[in-house]
Amino acid sequence: MAETNYKHDLVGAMGMPIAENPTGLMMEAAFRHLGLNWRYQLFEVAEASLKDALTGMRALGFKGMNFTIPHKVNVLNYLDRVAPDAAIIGAVNTVRLEGNQLIGENTDGKGFIRSLSEAGISPVVNHAVILGAGGAARAITVELALAGTKQLTIVNRSHERGQTLVDLLNAKTPAKAGLEPWQTTYTVPQDCDILVNATSIGLYPDPAKPDIDYDSLTKQMIVSDVIPNPPQTAFLNEAAKRGARTLDGLGMLVYQGAIAFKMWTGKEAPTDVMKRALEEAFA
Ligand code: NDP
């Protein structure tokens, strides 16, 4: 008789709202593809219940968890350890288990770096320009800086949020960071190697694009968007028209998930399968 095991290994995501989070689709597709007896569940957890939810996660023997809005910062209070890059970023999107210790990680920026390297592009450049200074921008800029990028320009609408990120990068990473205010159309400097839209502009159903002078883009630039849905944003379309090489946010989303998948299961994630699952969900 075949061996039976009705007990799944459990991972999931906590957030609020959480119902529309597509990560479970790509994780479950990956588990099925590799024949792993694992399950990924979404949990709607209010801010006030986060501590209890972590206690429950430990008690129930979860192998890992993703954290999304509004928990990415507060979760740091309830972990045994935090990875050095996640500690600099000040936010955790993935928790993994080491023995019975909960370790906080941030795979968002690592997913961005991996999407560069999968395209054969080095994350070590002279000058990266980042539109936005929120959570995605923090994760991307810290990982670029730790990877060896020398100069980072943060372009942000709110001065305070932009300055906070610039101060963080200058204090805690080897890179040199500066702030550009974003009150009128932004002209991208000609020495920019990588331009990233790390704002939420362009996320479905909003067809808008960041207010930059698209004619300042050149074919020497790598232009990347964090927006995963739609993958082909108006921002990337404009960049492609100017001959720039483009990288979409769907890749970043898949790779940040693939890095978490490997942390949890110890196995290489089937990224093609995961990408297809997301494409079907976004179609
Ligand atoms: P935050 O709310 O933390 O930050 C949003 C940023 O966008 C801020 O810098 C904000 O500027 C800026 N912004 C928003 N609207 C405008 C506007 N109209 N004009 C100028 N600036 C604007 O969000 P996150 O950083 O967490 O997320 C940003 C996007 O990244 C989301 O769409 C999310 O889906 C995506 N994302 C994608 C990931 C992936 O794997 N592909 C991973 C993580 C996030 P200000 O400070 O002035 O308000």
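Sequence order as written defines residue numbering, which begins from 1 separately in each chain. Only residues with pLDDT of at least 70 get local features here, since the model is predicted, and only at 80 or more are side-chain atom pairs given and counted; chain-wide, interface and lining totals rely on the full set of residues. Hydrogens and water are ignored here; the side-chain numbers use all heavy atoms of the structure.

**Looking at the overall build of the protein chain**
Right, on to step 1. Comment: elements are numbered from the N terminus, with helices defined as DSSP H or I runs of at least four residues and strands as E runs of at least two. If you tally the helices and strands in the protein chain, you get nine helices and twelve strands.
Right, on to step 2. Counting only C-alpha atoms, the protein chain reaches 65 × 35 × 30 Å along its principal axes.
Right, on to step 3. We call two residues in contact whenever any of their non-hydrogen atoms come within 4.5 Å of each other. Excluding contacts between residues fewer than 6 apart, the proportion of contacts in the protein chain whose partners are at least 24 apart in sequence is 69%.
Right, on to step 4. Note that accessible areas follow from Shrake-Rupley with a 1.4 Å probe, and for residues the cover is restricted to the protein chains shown. For the protein chain, the accessible area works out to roughly 13,300 Å², and carbon and sulfur atoms hold 51% of it.

**Notes on the pattern of salt bridges**
Pairing of side chains with opposite charge becomes possible as their charged atoms draw close.
Right, on to step 1. Salt bridges are defined as contacts in which a side-chain nitrogen from Lys or Arg sits within 4 Å of a carboxyl oxygen from Asp or Glu. Counted under the stated rule, the structure contains 14 salt bridges.
Right, on to step 2. Glutamate 98 is the salt-bridge partner of arginine 96, the closest N and O atoms lying 2.8 Å from each other.
Right, on to step 3. Relative accessible area decides the class of each residue, using a 1.4 Å probe on protein chains only: under 20% of the type maximum gives buried, over 50% gives exposed, and in between gives partly exposed. Residue classification places arginine 96 among the buried positions, given a relative accessible area of 17%.
Right, on to step 4. Among the residues examined, glutamate 98 registers a relative accessible area of 37% and is labelled partly exposed.
Right, on to step 5. Put simply, glutamate 105 and arginine 96 hold a salt bridge, and the shortest N to O gap is 2.8 Å.
Right, on to step 6. One connected set of salt bridges, linked through shared partners, spans Arg81, Asp85, Arg96, Glu98, Glu105 and Lys110.

**Notes on the nonpolar core**
Right, on to step 1. The criterion is simple. A nonpolar core is a set of buried Ala, Val, Leu, Ile, Met, Phe, Trp, Tyr and Cys residues joined through side-chain atoms within 4.5 Å. Ranked by size, the top nonpolar core spans 32 residues in total, and within it Phe112, Ile130 and Leu144 carry the most contacts.
Right, on to step 2. Of all elements in the fold, only α3 (84-89), α4 (108-118), β7 (127-131), α5 (135-147), β8 (151-156), α6 (159-172) and β10 (194-197) reach the threshold of two or more residues within this core.
Right, on to step 3. In terms of residue count, the dominant contributor to this core is α5 (six residues).
Right, on to step 4. The split of the chain into domains comes from an automatic or database domain assignment. Two domains each donate at least three residues to this core, and these are domain 1 (9-106 + 252-282) and domain 2 (109-247).
Right, on to step 5. Excluding residues that lie within four positions of it along the chain, leucine 144 makes contacts with Phe112, Ile113, Leu116, Pro123, Ala128, Ile130, Thr149 and Leu152.
Right, on to step 6. In this structure, Phe31, Leu36, Trp38 and Trp264 belong to the second largest nonpolar core, which totals 23 residues.

**Looking at the packing of aromatic side chains**
Right, on to step 1. Whether two aromatic rings pair depends on their centres lying within 6.5 Å, for rings of Phe, Tyr and Trp, where Trp uses its six-membered ring; planes under 30 degrees apart make the pair stacked, over 60 edge-to-face, and the rest tilted. With the rule as written, the count across this model stands at five aromatic pairs.
Right, on to step 2. When the ring of phenylalanine 31 is compared with that of tryptophan 38, the centres are 5.8 Å apart and the planes differ by 35°; the resulting orientation is tilted. A single burial state applies to phenylalanine 31 and to tryptophan 38, both of which are buried.
Right, on to step 3. Relative to phenylalanine 235, the ring of tyrosine 214 has its centre 6.2 Å away and its plane inclined at 70°; by these criteria the two rings are edge-to-face. Here the residue tyrosine 214 occupies a position in the loop between β10 and β11 (222-225), and phenylalanine 235 occupies one in helix α7 (residues 234-241), the gap between them amounting to 21 residues.
Right, on to step 4. For phenylalanine 235, a relative accessible area of 1% translates into the label buried.
Right, on to step 5. In this structure an aromatic cluster arises from ring pairing among Phe31, Trp38 and Phe261.
Right, on to step 6. The ring of tryptophan 38 carries lysine 63 above its face, with NZ or CZ at 5.8 Å from the centroid. Put simply, a charge is over a ring when the Lys NZ or the Arg CZ is close to the ring centre, within 6 Å, and near the line of the ring normal, within 35 degrees.

**Brief notes about the domain arrangement of the protein chain**
Right, on to step 1. Taken as a whole, the protein chain is organised into domain 1 (9-106 + 252-282) and domain 2 (109-247).
Right, on to step 2. Distance between the C-alpha centres of domain 1 and domain 2: 25 Å.
Right, on to step 3. Counting from both sides, the interface comprises 13 residues of domain 1 and, opposite them, 19 residues of domain 2.
Right, on to step 4. What gets called buried area is simply the loss in accessible area from a 1.4 Å probe that two parts show on being joined, summed for both. For the pair domain 1 and domain 2, the two sides together bury roughly 1,500 Å², of which 67% comes from carbon and sulfur.
Right, on to step 5. Per-residue buried area on domain 1 facing domain 2 is highest for Ile88, Ile89 and Met252; these three make up 44% of the total on that side.
Right, on to step 6. Across the domain 1-domain 2 interface, the total number found is two salt bridges.
Right, on to step 7. A 3.5 Å cut-off defines polar contacts: any pair of N or O atoms within that distance qualifies, except that in protein one atom must be a possible hydrogen donor and the other a possible acceptor, and neighbouring residues in sequence count only when both atoms are side-chain atoms. Inspection of the region where domain 1 meets domain 2 yields two residue pairs in polar contact (both at pLDDT 80 or more).
Right, on to step 8. Looking at the side of domain 1 that touches domain 2, the elements that each hand over two or more residues are α3, α8 (249-265) and α9 (271-282).

**Brief notes about the sheet that holds strand β3 (residues 64-67)**
Right, on to step 1. Strand pairing is defined by DSSP finding a minimum of two bridges between the two strands. Taken in spatial order, the six strands line up as β2-β1-β3-β5-β6-β4 in an open sheet, and their pairing is mixed. Two strands in the sheet have a free side with no partner beyond their single neighbour: β2 (38-44) and β4 (81-82).
Right, on to step 2. One ladder, built from two bridges, connects β4 with strand β6 (residues 101-105); its direction is parallel. Its bridge partner lying in β6, valine 82 is registered against glycine 104.
Right, on to step 3. Only the stretch in contact is used when fitting a helix axis, every axis being a line fitted to C-alpha atoms; angles between N-to-C directions are given from 0 to 180 degrees. Across the sheet, helix α1 (residues 23-34) is in contact with β1 (9-15), β2 and β3; its angle to β2 comes to roughly 170°.

**Some points on the side chain of threonine 271**
Right, on to step 1. Residue placement: threonine 271 occurs in helix α9.
Right, on to step 2. Threonine 271 sits in the buried class, given a relative accessible area of 15%.
Right, on to step 3. Beyond its immediate sequence surroundings of up to four residues, threonine 271 is in contact with Arg114, Val254, Tyr255 and Ala258.

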